[in-house]
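# Examination of the molecular architecture
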Amino acid sequence: MIENGSILKSTYRLMEEIGSGGGGIVYKAYHERLKKYVVVKEIRDCVKGVLESRAEADILKNLRQTYLPQVFDFIEVDEKIFTVIDYIPGKSMDKALAEEGKFNQKEVLKWAKQLAEALAYLHSQTPPIIHSDIKPANIMLTPQRDICLIDFNVSLAFDEGMRTSTGVSGGYSPPEQYWNYAMYCSMTGIPMEVKHDSASPKESGERRQTALVGKTQFINQEAEPAVLESNRQTERLTKLIGRGVDERSDIYSLGTTIYHLLTGETPSQNFEEIVSVTKCDINLSEGFGLIISKMMELSPDLRFQNGTELLGALNHIHELDWRYKRYRQKIRNWKCLITALYASGIIVIAFGVVTTQKEHVAAYNHAVSEAANWISMGDFDDAETSIQAAMKLYPNRLEAYQKEILRLYTMELYEDCILYARNVLENPMIMPDGETSNSTIGDIFYIMGNAYFEKNDFSNACNSFKSAISYNDANNLYYRDYAVSLVQVGNAEKANEQLDCAIKLGLGQDSIYFVQGEIAFSEGKYSEAEKYFTTCINGTKSESLRKRAVLLCASSYKKMGMDYLDQEINFLEQIISTNGRQQSMNIVENLADAYVRKGEADAQNRLFWYQKAVESFEFLYSNGYSTRQILENIAVLYGQMDQLEQAETLLLQMIEKYPDHYKGYKRLAFLEADIQQKKPNEQRDYQRMKEYYEKMMELYSTQNDSNDVEVQMLQNLMKDLQDGGWFAK
Amino acid sequence: MAVGSLSKEELKMTMGMLLVAAGASMIVLAIALSVWLTVMGKRWKAEIDAQMKETY
């Protein structure tokens, strides 16, 4: 006992005794140097040893937290250790409770958060500091109605491992803080009979087994359910009691303290009789009720594990409120609905796009195959319509363009076909990559090669077929036609190589005969060639191959000389009668040429053959074969047959249709010469002929064809007429 | 054009386009609802915050 007014360590003047507890007397003192009030408190003997090390004392002195008093010093007087701490003005919470009865939730929640902050700070120290005696009496309420947690048990700061408490506060201490079940029973007044070892955990320094042999020993089958439940709880308590305190013990004590503040009643010392805070007749929110219940769980494992966890829960207490939960659920539901809408929208769009795309592809393929059918049937207008429809669907896909090229080729518009094919092949927009495209590109080169071939441009035909093979080397027709073109450029050896390749790729016998005929033809073996072509014609099912074989067979006859002219005419007439004239335009042209040659050879029946030739040419001209050459041929034939007026009419048509070509004027000049030739000398007038000649010369000079023999002849004729003075008249 | 006069392919294509339109409408609706929820969410949050402040 130290007297009031005495000065400790020349610094602390004791003012008055303000309390006393298990540890000793608590004084209000005045710090002489700092000029402020402090509290000097004697600390328990058991802590003395711990605090002899300055390091531990420094840890306590370094604690700084708004809701904890600051420890200034540890002093030793008369072998007693005192701690000097902040003086907190105000009153303890138990006095406040005595005055005000209980507090409302809002205020208690504020203090709970402050206390949780203080605990979070203590528990986060290394090692964690356990208060172990949280109760209203150890909480100061300042005049500003904030709190301060005082009297924390310094002994628990440095006791590693299982900690043992120095004391128990009935109603506030958790089960694990009791040393053993006997202690608990003695404090709560529960009757029991226990058999336990004599040493307490504190005494032995280790946990001791406490065996319950009291009322639980007499549990029997007939026991009432309530009794059974009670017995189960008791058994559970015996397992929890004596386990030692840790951070979770402070959580329990704080829970009971809050319980007291809200209800105005100390929780029952008997754990089995504690009434849940949620069942008390107070105005308590759901969230706070849940937090307090969790804090007051008997099992430490079920409580918040430390002050930080508790503080987190209190800061988010609103999230436990049913109204907040309902709000969150409402937001979640809307978000789910919107997400589902987005997802459904994307799925439906994807499904729609796939469906449309699939139909587009089907429609495209249908249009392309329809175009191919129209082309094979010779209906080029409908083929064009289908091709245009296909191109409209997929302007970048190649197949429709390939069909257009085929259409132009089949229409024998070879120049247009080549031009179109070149444009397609050079257009990067309609040349996508890929295996299918390679095959189509191969086809385009193949058709282009055939078009060159038809124009007798065999060199370019060879190049085109070679390109076709580079894109698709599995099509034997490419090799076949390449071989044929090579024959035309005089490379029979390479042609044979290509033919071998074609045979390896399964080239049909008809095609083999055809190529062999071509090779024989190129080598001047026309009779042999004629046999090959005839065999091919009789054996092939390919219309195009047959047509080409027919033309070449006719050429073979032609090359074999005039002795075979009748055979040639018979052959061609037979083919035309079999196929029909409409399907054999090229053959009709060849036949007309044969008639002309026959007319030239057979002077007696010249008119007859010329007439047949004119008929054939006129048929061609009126069936879409309206070329300048055909028109010129007809006019020449009319001239030969002395039908000069008809010849003139046709030639005038020709210059009207082809005004920039010199040949119309050339023919007219010759015709005019013939007309004047037939007149008596005095009636002749070569003025018109001169006009035609001058016009012809004007156009001739602009054109590349500078080796026209007939122009030379006409020039000579004009010179003779000039020399003869026919223009001087 | 009457539906009866459409070919099977045209019907499928029309259905595909209708699906695309329906999907697009759903996404537009979802966007509209997102905007609405953003606005309403703020209002609801303010209301609940006021209630929570009053209680706690």
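Residues numbered from 1 in each chain as written. Chains lettered and ligands numbered in written order. Predicted model: local features only at pLDDT ≥ 70, side-chain atom pairs only at ≥ 80, totals over all residues.

### What about the overall build of chain A?
- Within chain A, the secondary structure is distributed over 29 helices and eleven strands.
- Counting the 729 residues in chain A, one finds 39% classified as buried. (Helix = DSSP H or I, 4+ residues; strand = E, 2+ residues; numbered from the N terminus. Buried ≥ 20, exposed ≤ 12 C-beta atoms within 10 Å, placed from the backbone.)

### Here we look at the nonpolar core
- With 112 residues, the main nonpolar core has I405, C417, I447 and A483 of chain A as its most contacted residues.
- Counting residues in hydrophobic clusters, the runner-up holds 45 residues, among them Y67, I88, V108 and I317 of chain A. (Core = buried A, V, L, I, M, F, W, Y, C linked by C-beta atoms within 7 Å.)

### Observations regarding the pairing of strand β4 (residues 36-42) of chain A
Residues and elements named next belong to chain A.
- Direction of pairing for strand β3 (residues 25-31) relative to β4: antiparallel, over a ladder of six bridges. Looking across to β4, one finds that Y27 is bridged to V40.
- Connecting the antiparallel pair β3 and β4 is a turn made up of four residues, with K35 showing a positive phi of about 55°.
- Pairing analysis gives five bridges linking β4 to strand β6 (residues 80-86), with the strands arranged antiparallel. Considered in β6, the bridge of K41 is made with T83. (Pairing = 2+ DSSP bridges.)

### Quick word on helix α27 (residues 662-677) of chain A
All names here are of chain A.
- Between its first and last C-alpha atoms α27 spans 22 Å; for 16 residues at 1.5 Å apiece the expected length is 22 Å, and the two agree.
- Here α27 has its buried residues at Y662, K663, G664, Y665, K666, R667, L668, A669, F670, L671 and E672.
- Along its buried surface, α27 packs onto α25 (628-640), α26 (644-657), α28 (687-702) and α29 (709-723). (Expected span 1.5 Å × (residues − 1). Contact = placed C-beta atoms within 7 Å.)

### Topic: the sheet that holds β3 of chain A
All names here are of chain A.
- Read from one edge of the open sheet, six strands run β1-β2-β3-β4-β6-β5, paired in antiparallel fashion. Whereas interior strands pair on both sides, the edge strands pair on one side only; in this sheet they are β1 (7-8) and β5 (71-77).
- Bridge count between β5 and β6: six bridges; the pairing is antiparallel. Residue pairing in the sheet places E76 in a bridge with I81 of β6.

### Notes on the packing of helix α17 (residues 476-488) of chain A against helix α19 (residues 509-522) of chain A
Residues and elements named next belong to chain A.
- Closest axis-to-axis distance for the α17/α19 pair is 9 Å, and the angle between their directions is 10°. In this view, α17 runs roughly parallel relative to α19, as classed from their interaxial angle. In this structure, α17 uses R480, A483, V484, V487 and Q488 to contact α19, whose residues at the interface are S511, V515, E518, I519 and S522. (Axes fitted to C-alpha atoms, helices over the stretch in contact; angles between N-to-C directions. Parallel < 35°, antiparallel > 145°, perpendicular 65-115°, else oblique.)

### Observations regarding the interface of chain B and chain A
- Chain B puts 25 residues into the contact, and the matching count from chain A is 27 residues.
- Each residue belonging to the side of chain B that touches chain A can be placed in one class, and the counts come to 17 nonpolar, six polar and two charged. (Nonpolar A, V, L, I, M, F, W, Y, C, P; charged D, E, K, R; others polar.)

### Topic: the environment of E309 of chain A
Residue and element names in this part refer to chain A.
- Mapped onto the elements of the fold, E309 is located in helix α10 (residues 307-315).
- Note on E309: 19 C-beta atoms within 10 Å, which makes it partly exposed.
- For the pair E309 and A116, spaced 193 residues apart in the sequence, the C-alpha separation amounts to 8.9 Å.

### A short note on the sheet that holds strand β8 (residues 139-141) of chain A
Residue and element names in this part refer to chain A.
- Pairing is antiparallel in the open sheet, where three strands are placed in the order β7-β8-β9. Where the open sheet ends on each side, the last strands, each with one partner, are β7 (91-92) and β9 (147-149).
- As paired strands, β7 and β8 are joined by two bridges and run antiparallel to one another. Opposite S92, over in β8, you have M140 as the bridge partner.

### Concerning the pairing of β3 of chain A
- When strand β2 (residues 12-20) of chain A meets β3 of chain A, the two strands line up antiparallel, connected through seven bridges. Each bridged residue has a counterpart across the sheet, and for Y12 of chain A the counterpart in β3 of chain A is H31 of chain A.

### Here's the deal with helix α24 (residues 606-622) of chain A
Residue and element names in this part refer to chain A.
- Over its 17 residues, α24 runs 24 Å from end to end, which matches the ideal 24 Å to within 8%, given 1.5 Å per residue.
- Listed as buried for α24 are W609, Y610, K612, A613, V614, S616, F617 and L620.
- Considering only its buried residues, α24 is in contact with α23 (585-601) and α25.
- G624 occupies a position one or two residues after α24 and carries a positive phi of about 90°.

### Observations concerning the environment of V424 of chain A
Residue and element names in this part refer to chain A.
- With respect to the helices and strands, the residue V424 is situated in helix α14 (residues 414-426).
- C-alpha separation for the pair V424 and L398, spaced 26 residues apart in sequence, amounts to 8.3 Å.
- Beyond its immediate chain neighbours, meaning those up to four positions away, V424 contacts Y401, I405, I430 and I444.

### Some words on the environment of L261 of chain A
All names here are of chain A.
- Among the structural elements, L261 can be located in helix α8 (residues 247-263).
- Note: C-alpha distance between L261 and M93 (168 residues apart in sequence) is 8.5 Å.
- Setting aside residues no more than four positions away along its own chain, L261 makes contact with L97, K102, F103 and V108.

### Here's the deal with the packing of helix α11 (residues 322-377) of chain A against helix α13 (residues 398-410) of chain A
All names here are of chain A.
- Relative orientation of the contacting elements α11 and α13 amounts to 5°, with a least axis distance of 10 Å. Taken together, the axis directions place α11 and α13 in an arrangement best described as roughly parallel. Here V368, A371, A372 and I375 of α11 lie close against α13, whose contacting residues are E399, A400, K403, L406, R407 and T410.
- Tallied by class, residues from the contact of α11 with α13 come to six nonpolar, one polar and three charged.

### Some words on unusual backbone geometry
All names here are of chain A.
- With an omega of -5°, the peptide bond running from T126 to P127 counts as cis.
- Among the structural elements, P127 can be located in the loop between α4 (105-123) and β8.
- Of note, the phi angle at E412 is positive, near 65°, even though the residue is not glycine.
- Along the chain, the position of E412 falls in the loop between α13 and α14.
- Phi at D642 is positive, roughly 65°, even though this residue is not glycine.
- Mapped onto the fold, D642 is located in the loop between α25 and α26.
- A count of 11 C-beta atoms within 10 Å places D642 in the exposed class.

### Looking at the confidence of the model for chain B
- Confidence along chain B averages 88 in pLDDT terms, with 89% of residues attaining 70 or more.
- Interface confidence for the predicted complex, given as ipTM, is 0.91, next to a pTM of 0.54. (pLDDT = per-residue confidence, 0-100.)

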